[in-house]
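Observations on the three-dimensional arrangement
Listed here are the chains, written in short residue letters.
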Amino acid sequence: MKLVRPKKNLGQHFLIDLSIAKRIADTVDACPELPVLEVGPGMGVLTQYLMEKPRPVKVVEIDTESVEYLNEHFPRLRENILGEDFLRMDLDKVFDGKQFVLTGNYPYDISSQIFFKMLDNKDLIPCCTGMIQREVAQRMASAPGNKAYGILSVLIQAWYDVEYLFTVDENVFNPPPKVKSAVIRMTRNDVTDLGCDEQLFKRVVKTVFNQRRKMLRVSLKQLFAGREVSPDFYQQDIMTRRPEQLSVAEFVDLTNLVAAQLT
C-alpha cells in the first residue's frame, strides 16, 4: 500500500525522523507499567517504538486512510486500532476504566482541546507526553510573570507537573510545519482537591485572562453582572494585580473570594 497522503484539514504533519520518534516514545517510561494510548499515529512512526515496550498499546486515528495503512503494516496491533475521534471518545472504555498514559504527535489545531479533555479525565491519565507546537508547550510550562503564562498554564499546572523536554525543528516533518515543535511531559501532582469550586476556578481563570492586561478589579466585574458586591471586595491588595502575576494557589484563593460574593 502506498504512503498516506498528509491531509491539511486534519492538521497532519508526519514525523520522518526515527531518532526523534524513539525519543518521544521513551518519554512514556516515566510512568512504567501503565498501558499507552497514542493519539493520531498516522503511519506509525511513533507507534513502532511504543510497541517495543512491555505494556499494552492502543492507537486512536480519525483518518480512514491511516487506519488502513496501520492495519496492513502493524498486523499485531489490529485489535487495538481505534478508528475514532479522540475528542468524542469515552476514555473510560479504552482500557476498561484503568489508568493509562496518553501520548502522540498531536495535531496542532486541536492540541489545546486534547489537553482540556485530559483534564476532564485527569484521574484516568496520570501521565501525558507528546509533541505539540512549541508556542503551546511554552504556555503550558510557563511560570507566573511570563508573557506565555495563561489559561492553559494555570488549568494544567493545577493538576500536573509540566516538563518542557526538547525542541523539534520543522525539517523533520512531511510536510514541514511553519512553526517549531516541542516535546512535553505532564505528570499528575499530589493534588486531589483544589480547595475551591473547580468549575468556578475555570470561570475565574478564563474570565481574567480574557482581559489579561487589566487589573483583576476590572476584569472580575463581568462575573457579577446584576449582583451586589460588598464594598471592600475590590479594595483587597490582590485586586491591583494582573492575571499573569498570580500562581495557581493564588487563583484558588481568588476563586474562594469570588465564591463568597456569589453566595
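Here goes a summary of the coordinates provided. (Residues numbered from 1 in each chain as written. Predicted model: local features only at pLDDT ≥ 70, side-chain atom pairs only at ≥ 80, totals over all residues. Heavy atoms only, no water.)

**A word on the pattern of salt bridges**
One pass over the structure, following the stated rule, counts twelve salt bridges. Among the salt bridges present, the one from Arg 185 reaches Glu 163, with a minimum N-O distance of 3.0 Å. Pair noted here: Arg 185 is in strand S9 (residues 181–188) and Glu 163 is in strand S7 (residues 160–168), with a separation of 22 residues, a long-range link. Classification of Glu 163 by relative accessible area gives partly exposed; the value is 33%. When the shortest N-O distance is used, the salt bridge between Arg 241 and Glu 250 registers 3.0 Å. What makes Glu 250 partly exposed here is its relative accessible area of 24%. The network of salt bridges with common partners includes Lys 22, Asp 26, Asp 29 and Lys 53. (Salt bridge = Lys/Arg side-chain N within 4 Å of Asp/Glu carboxyl O. Helix = DSSP H or I, 4+ residues; strand = E, 2+ residues; numbered from the N terminus. Buried < 20%, exposed > 50% of the residue type's maximum accessible area, 1.4 Å probe, protein only.)

**Digging into the side chain of Ser 111**
Within the element layout of this structure, Ser 111 appears in helix H4 (residues 111–120). By relative accessible area, Ser 111 is classed as buried at 1%.

**Some details on the environment of Arg 241**
Turning to its location among the elements, Arg 241 is positioned in the loop between helix H8 (216–219) and helix H9 (248–262). For Arg 241, a relative accessible area of 25% gives the class partly exposed. Along the chain, Arg 241 and Met 215 lie 26 residues apart, while their C-alpha atoms are 5.3 Å from each other. Look past the residues within four positions of Arg 241 in its chain and what remains in contact with it is Lys 214, Met 215, Leu 216, Leu 246 and Glu 250. (Contact = heavy atoms within 4.5 Å.)

**Comments concerning the sheet that holds strand S5 (residues 101–104)**
The seven strands are arranged S4-S3-S2-S5-S6-S9-S7 in an open sheet whose pairing can be described as mixed. Two strands bound the open sheet, and with one partner strand each, they are strand S4 (81–82) and S7. Direction of pairing for S5 relative to strand S6 (residues 127–133): parallel, over a ladder of two bridges. Each residue of the ladder has a partner; that of Val 101, found in S6, is Cys 127. Contacts from H4 reach strand S2 (36–39), S5, S6, S7 and S9 within the one sheet, and its direction differs from that of S6 by about 165 degrees. (Pairing = 2+ DSSP bridges. Axes fitted to C-alpha atoms, helices over the stretch in contact; angles between N-to-C directions.)

**Section: the environment of Glu 72**
Locating Glu 72 in the fold gives a position in helix H3 (residues 64–73). For Glu 72, a relative accessible area of 42% corresponds to the partly exposed category. Each C-alpha atom of the pair Glu 72 and Ile 24 lies 24 Å from the other, and the pair is 48 residues apart in sequence.

**Regarding H9**
When the terminal C-alpha atoms of H9 are compared, their 21 Å separation across 15 residues agrees well with the 21 Å that a helix rising 1.5 Å per residue should span. For H9, the set of buried residues is Val 248, Phe 251, Val 252, Leu 254, Thr 255, Val 258 and Gln 261. At its buried positions, H9 is contacted by helix H6 (151–157), helix H7 (198–209) and H8. (Expected span 1.5 Å × (residues − 1).)

**Considering unusual backbone geometry**
Across the junction of Asn 174 and Pro 175, the peptide omega takes the value -10 degrees, indicating a cis bond. Of note, the phi angle at Glu 33 is positive, near 80 degrees, even though the residue is not glycine. Along the chain, Glu 33 turns up in the loop between helix H1 (18–26) and S2. Positive phi outside glycine occurs at Asp 96, with the angle close to 55 degrees. For Asp 96, the location among the structural elements is in the loop between S4 and S5.

**So, the packing of aromatic side chains**
A full pass over the atoms with the stated rule returns six aromatic pairs. For the pair Phe 95 and Phe 100, a centre-to-centre distance of 5.6 Å together with 45 degrees between the ring planes defines the contact as tilted. Taking the relative accessible area as the measure of exposure, Phe 95 reaches 9% and is therefore buried. A relative accessible area of 0% places Phe 100 in the buried class. For the ring pair Phe 224 and Phe 233, a centre distance of 5.4 Å and an interplane angle of 80 degrees mean the geometry is edge-to-face. The burial state of Phe 224 is the same as that of Phe 233; both residues are buried. Grouped by ring-pair contacts, the aromatic residues Tyr 149, Phe 209 and Phe 251 constitute a single cluster. Above the ring of Phe 86, the side-chain terminus of Lys 117 is found at 5.9 Å from the ring centroid. (Phe/Tyr/Trp six-rings, centres within 6.5 Å; stacked < 30°, edge-to-face > 60°. Lys NZ or Arg CZ within 6 Å of the ring centre and 35° of its normal.)

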